[in-house]
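# A structural walkthrough
Next come the chains, spelled out residue by residue.
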There are 2 protein chains.
Amino acid sequence: MSDRSLSELGEQGLLPLLQAFCPAEQRGDDAAILTPPAGQQLVVSSDVLVEGIHFSEATTPPAAIGWRAAAANLSDLAAMGATPAGITLALALPSDRRLSWLQQIYQGLDRCLKQYDCPLIGGDLSRSPTATLAVTALGWVNPNRVIRRSTAQVGDWIMATGTHGLSRLGLGHLLGEWTLAEPLRDQAIAAHQAPKPRLDVVPLLARSQPAGTVWRVAGMDSSDGLADAVLQICRASQVGAVIEALPLPATTSFDRDRLIQAALYGGEDFELVLCLSPDWAQALLELLGEQAQVIGQITEKPVVQLRLSDRTEILSLDRGFQHFTTH
Amino acid sequence: MSDRSLSELGEQGLLPLLQAFCPAEQRGDDAAILTPPAGQQLVVSSDVLVEGIHFSEATTPPAAIGWRAAAANLSDLAAMGATPAGITLALALPSDRRLSWLQQIYQGLDRCLKQYDCPLIGGDLSRSPTATLAVTALGWVNPNRVIRRSTAQVGDWIMATGTHGLSRLGLGHLLGEWTLAEPLRDQAIAAHQAPKPRLDVVPLLARSQPAGTVWRVAGMDSSDGLADAVLQICRASQVGAVIEALPLPATTSFDRDRLIQAALYGGEDFELVLCLSPDWAQALLELLGEQAQVIGQITEKPVVQLRLSDRTEILSLDRGFQHFTTH
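Everything quoted here is computed from the prediction, not taken from an experiment.

What counts, and where the lines are drawn
- Residues numbered from 1 in each chain as written.
- Chains lettered and ligands numbered in written order.
- Predicted model: local features only at pLDDT ≥ 70, side-chain atom pairs only at ≥ 80, totals over all residues.
- Heavy atoms only, no water.
- Least-squares fit on C-alpha atoms with pLDDT ≥ 70 in both.
- Contact = heavy atoms within 4.5 Å.
- Pairing = 2+ DSSP bridges.
- Helix = DSSP H or I, 4+ residues; strand = E, 2+ residues; numbered from the N terminus.
- Axes fitted to C-alpha atoms, helices over the stretch in contact; angles between N-to-C directions.
- Buried < 20%, exposed > 50% of the residue type's maximum accessible area, 1.4 Å probe, protein only.
- Buried area = accessible area lost by both parts, 1.4 Å probe.
- Polar contact = N/O pair within 3.5 Å; in protein donor to acceptor, adjacent residues only side chain to side chain.
- Nonpolar A, V, L, I, M, F, W, Y, C, P; charged D, E, K, R; others polar.
- UniProt positions renumbered as here; feature names shortened; annotations may be inferred.
- Domains from an automatic or database assignment.
- Salt bridge = Lys/Arg side-chain N within 4 Å of Asp/Glu carboxyl O.

What follows is about the relation of the copies chain B and chain A. Structural alignment of chain B on chain A gives an RMSD of 0.0 Å, achieved by rotating through 180 degrees and translating 0.0 Å along the axis. Viewed as a symmetry operation, the transformation between the two copies matches a two-fold axis. The residues that chain B uses at the interface reappear at the interface of chain A in 100% of cases, marking a shared surface.

Take a look at the structure:
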């Protein structure tokens, strides 16, 4: 079969090919239907990804675009303490785009969703001069186990899962900003093209809750960088923080300054940043082992200070990724 | 205050302005949270609207873009028999777009949502060369009262709410394809710029259900035209139909042939097309009065025939609006 363009196929030709990625019971009506598990609340998050802004041919093959679209939204669910219920994908694409390109998007999305047990439940398809993916993720959460940004308290330990900065290092390598050596290169490209949402951490939070305590977990994901996550939590909770360690990738082959910048401001690592009572943080650390690290503490003074052995500075949101500004 | 561009404002400047349209309890976290009413199922529908494809400056002022985005998605909920729970709006916009333009989008969206008691619960905002709105609508439905495309049966009466074709007439007028006279002009432009989703019909379906019968309502909305709705229902239900009347706008000042084309293929009327047992249809007609009309019957032969006094033809999906083809 030749690789036809979307306009050659037409909407009626395309829909059956794409609906094959949806469970059979969700095809054929105007909307999908899901049954809420008893006592659970619904969590909803929407994201839009634009070609040339959030991804480009140079750095992201179509299967990776699909994977990343799913992963970023599943990460928003993890950030709330939810488990996935379903995802919708609304696509707007140039009509000369090839069917194989579109199928690879769906294959990447499908691979990520299957890994996290999340069905694709619907979507939309339209023409557009600019390739755009709009994803809405739906999840269920026990109302007594929600993760909020606004509940951090003075004395909480700040924990970060995984490492930070790898995605930015991979992006820079793919863009030719720098050249990474193995094994860092493979790790960084994988982190950029196939990030893993930390849904695995959600049940561990419940398992590590100290007996006799009330649920209180402040946190969010680090999709816009580690600095952004700490700053947003502090702003929402009206507290400050001191960061005394950074979860940097283990490498000696890359400039430390740039590693720090990538971890703080690079974004798209899709790890979790959590604020917990010290008891709870310790219990969670025991479950996560090397998969998490204490990076600092919540303080009263409403600023976020970075205090490393070789540098001290005040962090600010202005340095993070801003969608509508040029710096 | 001067009317600044989105890039001058930056994301941190924009977000507070847009979050003002969300209920306070939904601001500030990665995702929104909704509590399912006991025993209800969740209905989810996603749509993408692209500038130059689905709307343009010539035909749709920004407030109407917002209204239409909300109305089209609320109509998808009505098509399933659901009541609205919330809506998310993910926007991708050129950075030189003015703040006033964006605010008018939100005002139009907000006006429509308020009319149908539906909160804006979240969204996303990004840069893009092409203005794009991605909307996801969430609703609740009693699992025993769902409207499906696939449950029409031979002998059912086919009902259409409202009139069909007005939106297409309004669009044609705004595009200069023809010139409408009053009062048709105002009606047609209103139908195009501020369509009304038929959520009012949903509770009337339950009220008109004949005593002792099992729930069975086949239907969908006419967002892609009356012909498309009948054809999709027939395909999903593996039946055919004879259409013997069309719910055309009452006018003598416009060519009948074009009126028929607009009703069948124009789309965006956002009315409901329903297939019901004759008893149920009659009871619903008594509640809806002039707001609905019987247009035909479901038949065994799997084709859709149009049999008017002055024309007979077989309807086909190829004539409808196709997003990826040029005719």
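From this point, things continue past the structure.
To continue, consider the sheet that holds strand E8 (residues 217-221) of chain B. One key point about sheets: their strands pair by backbone hydrogen bonds, in either a parallel or an antiparallel sense. Residues and elements named next belong to chain B. Taken together, the eight strands give an open sheet; going across it, the order is E6-E8-E10-E7-E11-E9-E12-E13, and neighbouring strands pair in mixed fashion. The outermost strands of the open sheet, each flanked by one partner alone, are strand E6 (147-148) and strand E13 (311-315). As judged from the five bridges shared by strand E7 (residues 157-161) and strand E11 (residues 292-299), these two strands associate in the antiparallel manner. Looking across to E11, one finds that Ala-160 is bridged to Gln-293. Along the sheet face, helix H7 (residues 226-237) touches E7, E8, strand E9 (240-243), strand E10 (272-276), E11, strand E12 (304-308) and E13 and points at about 145 degrees away from the line of E8.

Turning next to the pairing of strand E10 (residues 272-276) of chain A. Two faces, one strand: in a regular strand the side chains alternate between the faces of the sheet. All names here are of chain A. By the criterion of burial, E10 is predominantly enclosed, with five of the five residues buried. Residues Leu-272, Leu-274 and Leu-276 point to one face of E10 and Val-273 and Cys-275 to the other, with burial holding for every one of them. The sheet contact formed by strand E7 (residues 157-161) and E10 spans four bridges and is antiparallel. Looking across to E10, one finds that Ile-158 is bridged to Cys-275. Of the pairings in the sheet, the one linking strand E8 (residues 217-221) to E10 comprises four bridges and is antiparallel in character. Bridging from a neighbouring strand, Asp-221 pairs with Leu-272 of E10.

A few words on the interface of chain B and chain A. Contact residues are listed per partner, giving 66 residues for chain B and 66 residues for chain A. At the boundary of chain B with chain A, total buried surface from both sides reaches about 5500 Å², with 56% on carbon and sulfur atoms. Run the count over chain B and chain A and you get twelve residue pairs in polar contact (both at pLDDT 80 or more). For the side of chain B that touches chain A, the leading source of residues is strand E2 (residues 41-50) of chain B, giving nine residues. Along the lines of polarity and charge, the residues of the side of chain B that touches chain A split into 33 nonpolar, 22 polar and eleven charged.

A few words now on unusual backbone geometry. Across the chain, the bulk of peptide bonds are trans and the bulk of non-glycine residues have phi less than zero. Residue and element names in this part refer to chain A. In this structure, the amide linkage connecting Glu-182 to the following residue, Pro-183, adopts the cis form with an omega of 5 degrees. The topology assignment puts Pro-183 in the loop between helix H4 (166-175) and helix H5 (184-193). For Asp-117, which is not glycine, the phi dihedral falls at a positive 60 degrees. A positive phi angle, near 65 degrees, is found at Glu-268, a position not held by glycine.

On to the UniProt feature "binding site: Mg(2+) 4" in chain A, then. Under the present numbering, the feature "binding site: Mg(2+) 4" in UniProt falls on Asp-30, Ser-45 and Asp-76 of chain A. Within the local environment of Ser-45 of chain A, its side chain forms a polar contact with the side chain of Asp-76 of chain A, the two groups lying 3.0 Å apart.

Now for helix H4 (residues 166-174) of chain B. Residue and element names in this part refer to chain B. Within H4, burial applies to Leu-166, Ser-167, Leu-169, Gly-170, Gly-172 and His-173. Summarising the contacts, the buried residues of H4 are in contact with helix H2 (62-80), helix H5 (184-193) and helix H8 (256-266). Trailing H4 by a residue or two, Gly-176 shows a phi angle of about 80 degrees, which is positive.

All names here are of chain A. When the domains of chain A are assigned, the result is domain 1 (13-21 + 34-143) and domain 2 (146-318). Here domain 1 and domain 2 have C-alpha centroids that lie 25 Å from each other. Taken together, the contacts link 23 residues of domain 1 with 20 residues of domain 2. Around 1900 Å² of area is buried between domain 1 and domain 2 when both sides are counted, 62% of it from carbon and sulfur atoms. Put simply, domain 1 and domain 2 have one salt bridge between them. With a closest N to O distance of 2.9 Å, Glu-268 and Arg-68 form a salt bridge. Counting across the interface, domain 1 meets domain 2 through six residue pairs in polar contact (both at pLDDT 80 or more). Among the elements that line the side of domain 1 that touches domain 2, the one with the most residues is helix H2 (residues 62-80), at eleven residues. Across the side of domain 1 that touches domain 2, the residue classes tally to 15 nonpolar, six polar and two charged.

Oppositely charged side chains can pair when the atoms bearing their charge come close. Counted by the stated rule, this structure contains 22 salt bridges over all chains. A salt bridge links Arg-185 of chain A to Glu-182 of chain A, with the shortest nitrogen-to-oxygen separation between them at 3.3 Å. For the salt bridge of Arg-198 of chain B with Asp-200 of chain B, the shortest nitrogen-to-oxygen distance reads 3.0 Å. With a relative accessible area of 40%, Asp-200 of chain B lands in the partly exposed category. Linked through salt bridges whose partners overlap, the residues forming this network are Arg-198, Asp-200 and Glu-271 of chain A.

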